[in-house]
Amino acid sequence: ARTPDKPRTDDRYPSRFDTRAHVSNRHDPVVYGSADDGPLSASDLRFYDDNGYLSFDALLQPDELQSALDELQRLRNDEEIKDSDEAVIEPGSRELRSIFAVHRHNAVLRRLCAHPRLAAIARQLLGGEVYIHQSRINYKGGFRGKEFYWHSDFETWHVEDGIPAMRMVSCSISLTPNTPNNGPLMIMPGSHHRYVACVGATPENHYKASLKQQDVGVPDDASLSALAEQCGIIAPTGPVGAVTFFECNVMHGSNSNITPAPRSNLFIVYNSVDNTPVEPFCGLAPRPNFIAERVDFSPLGRA
Ligand code: 6CS
Ligand code: FE
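Rules behind the numbers
Residues numbered from 1 in each chain as written. Chains lettered and ligands numbered in written order. Predicted model: local features only at pLDDT ≥ 70, side-chain atom pairs only at ≥ 80, totals over all residues. Heavy atoms only, no water. Core = buried A, V, L, I, M, F, W, Y, C linked by side-chain atoms within 4.5 Å. Buried < 20%, exposed > 50% of the residue type's maximum accessible area, 1.4 Å probe, protein only. Helix = DSSP H or I, 4+ residues; strand = E, 2+ residues; numbered from the N terminus. Contact = heavy atoms within 4.5 Å. Pairing = 2+ DSSP bridges. Axes fitted to C-alpha atoms, helices over the stretch in contact; angles between N-to-C directions. Phe/Tyr/Trp six-rings, centres within 6.5 Å; stacked < 30°, edge-to-face > 60°. Lys NZ or Arg CZ within 6 Å of the ring centre and 35° of its normal. Donors = N, O, S within 2.8 Å, 3.2 Å for Na, K, Ca; no water. Tetrahedral: all angles 85-135°; square planar, octahedral: opposite > 155°, others 65-115°. Near = heavy atom within 4 Å. Polar contact = N/O pair within 3.5 Å; in protein donor to acceptor, adjacent residues only side chain to side chain. Nonpolar A, V, L, I, M, F, W, Y, C, P; charged D, E, K, R; others polar. Disulfide = S-S within 2.5 Å.

Draft legend 1. Quick peek at the nonpolar core. One finds Leu 118, Ile 173, Phe 245, Leu 266, Ile 268 and Tyr 270 to be the most contacted residues of the largest nonpolar core, which totals 44 residues. If you tally residues by element for this core, the top one is helix α6 (residues 116–126), at six residues. When residues no more than four places from it in sequence are discounted, the contact partners of Ile 268 are Cys 113, Leu 118, Ile 132, Gln 134, Ser 135, Val 169, Ser 170, Cys 171 and Ile 173. Of all hydrophobic cores here, the second largest spans nine residues; its members include Trp 157, Ile 163, Met 166 and Tyr 195.

In structure tokens:
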């Protein structure tokens, strides 16, 4: 397989084809459900529609999280994990950066990823049944936890995984406090209304490099400056158990963490069962199933 020169005719969001970056409009709804369909109020839904995220300081109680926190400790100290395919090591050190597919390999985290309260919100935002496209822990250890450069998740999921439409939502659960200092998630509110096509063809097996440090599929400086000017930048912070839902196309990233305190989050990506992947739009082989689900689309159970 190799990257074609032109986008396919079914590609509604071409990226990484042109030599110039450009910003275009979103062609999909942001909110697919209504206030009657779940726990979010009409004003929550309006906020998410406008801003592309929603944060909750106490959506999950400490007792609901304790077993997941214990797992985090255990996984961090497990040297075997670092050698598994699902683990991503920080560039330039032996520190753990991410573990993927935790909902497949860990019973405690599987239960948390499918938590009825989280699934109900995802179903309401996406308008119907959902499954998990990706899950991961991002450790961002103290002192040497590296940044995640600015990106739209959808850009990668579309180009490299073949996700057709913007009908996905990420959920980030704080497993340590997220403070202004330890590299919390930063979001450009409202940036999900625009689509930034990136420059540079996708290399074969790109994920092996991009999950450590992303160079292809990153927006250019001019597009980022324009978006930051229009949208501003916010960084939701909060205690253990704080939860942020963010739209798949919202521009986001995070700084490195030189504080002693780790910033560890569990990320779960929910996709609509009506938006399952097709062949990747970059023309290359799909990424492995532990990064992007393409086998099991069974909907999360309703409690
Ligand atoms: O490539 C991916 O799927 C992942 N990479 C980033 C930087 N964010 C989302 C996702 O986990
Ligand atoms: Fe991301």
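Now that the structure has been shown, we can carry on.
Draft legend 2. Representation of the sheet that holds strand β2 (residues 53–56) within the structure. Across the sheet, seven strands lie side by side as β2-β10-β7-β12-β5-β4-β3; this open sheet has antiparallel pairing. Pairing within the sheet leaves two strands with one partner each, and these edge strands are β2 and β3 (87–89). Taking the axes of each pair of neighbouring strands and ignoring which way they run, one obtains an average angle of 15° across the sheet. In terms of strand pairing, strand β7 (residues 168–174) meets strand β12 (residues 265–272) through seven bridges, oriented antiparallel. By the bridge assignment, Val 169 is partnered in β12 with Tyr 270. Relative to the sheet, helix α1 (residues 42–51) contacts β2, β7 and β10 (243–247), its axis offset from that of β2 by approximately 130°.

Draft legend 3. Region of the structure containing the packing of aromatic side chains. Overall, the coordinates contain seven aromatic pairs when judged by the stated rule. Between Tyr 13 and Phe 154, the aromatic rings sit 5.2 Å apart at their centres with planes inclined by 80°, giving edge-to-face as the arrangement. You can see Tyr 13 sitting in the segment before β1 (22–25) and its partner Phe 154 sitting in helix α7 (residues 153–161), a full 141 residues away along the chain. The pair formed by Tyr 13 and Phe 154 is uniform in burial state, with each residue classed as buried. Members of the aromatic cluster, connected to one another through ring pairs, are Tyr 13, Phe 154 and Tyr 195. The ring of Phe 148 carries Arg 97 above its face, with NZ or CZ at 3.9 Å from the centroid. Note that Arg 136 overlies the ring of Phe 267, its terminal NZ or CZ placed 4.3 Å from the centroid.

Draft legend 4. A look at the coordination of the iron ion (ligand 2). At this site the iron ion (ligand 2) is bound by His 151 (NE2), Asp 153 (OD) and His 252 (NE2), with donor distances of 2.1 to 2.2 Å. Angles of 79 to 166° at the metal separate the four donor atoms of the iron ion (ligand 2), which places the site in the irregular class. Mapped onto the sequence, the residues coordinating the iron ion (ligand 2) show the spacing H-x1-D-x98-H. For the pair formed by His 151 and Asp 153, the shared burial category is buried.

Draft legend 5. Geometry of the site of ligand 1. Looking at ligand 1, the residues that line it are Gln 134, Arg 136, His 151, Asp 153, Thr 156, Trp 157, Leu 211, Gln 214 and Arg 287. In the model, an oxygen atom of ligand 1 is placed 2.7 Å from a nitrogen or oxygen of the Gln 134 side chain. A distance of 2.9 Å separates an oxygen atom of ligand 1 from a polar side-chain atom of Trp 157. Only β5 (130–138) and α7 provide two or more residues apiece to the shell around ligand 1. In terms of residue count, α7 provides more of the shell around ligand 1 than any other element does, three residues in total. Residues of the shell around ligand 1, tallied by class, amount to two nonpolar, four polar and three charged.

Draft legend 6. Structural view of the sheet that holds strand β8 (residues 185–187). One open sheet holds the three strands; their spatial order is β6-β11-β8, and the pairing between them is antiparallel. What marks the edges here is a single partner per strand, and that holds for β6 (148–151) and β8. In this sheet, neighbouring strand axes are inclined to one another by 25° on average, regardless of whether the strands run parallel or antiparallel. As judged from the three bridges shared by β8 and strand β11 (residues 252–254), these two strands associate in the antiparallel manner. Considered in β11, the bridge of Ile 187 is made with His 252.

Draft legend 7. Broad picture of the state of the cysteines. Evaluated as defined, the whole model comprises zero disulfides. Between Cys 248, a cysteine without a disulfide, and Cys 198, which holds the nearest cysteine sulfur, the sulfur-to-sulfur distance is 14 Å.

Draft legend 8. Molecular detail of the environment of Asp 10. Within the secondary structure, Asp 10 sits in the segment before β1. Here Asp 10 falls in the partly exposed class, since its relative accessible area comes to 39%. Once the C-alpha coordinates of Asp 10 and Met 188 are considered, the two residues, 178 residues apart in sequence, prove to be 28 Å apart. A distance of 2.8 Å separates the side chain of Asp 10 from the side chain of Arg 8, its partner in a polar contact.

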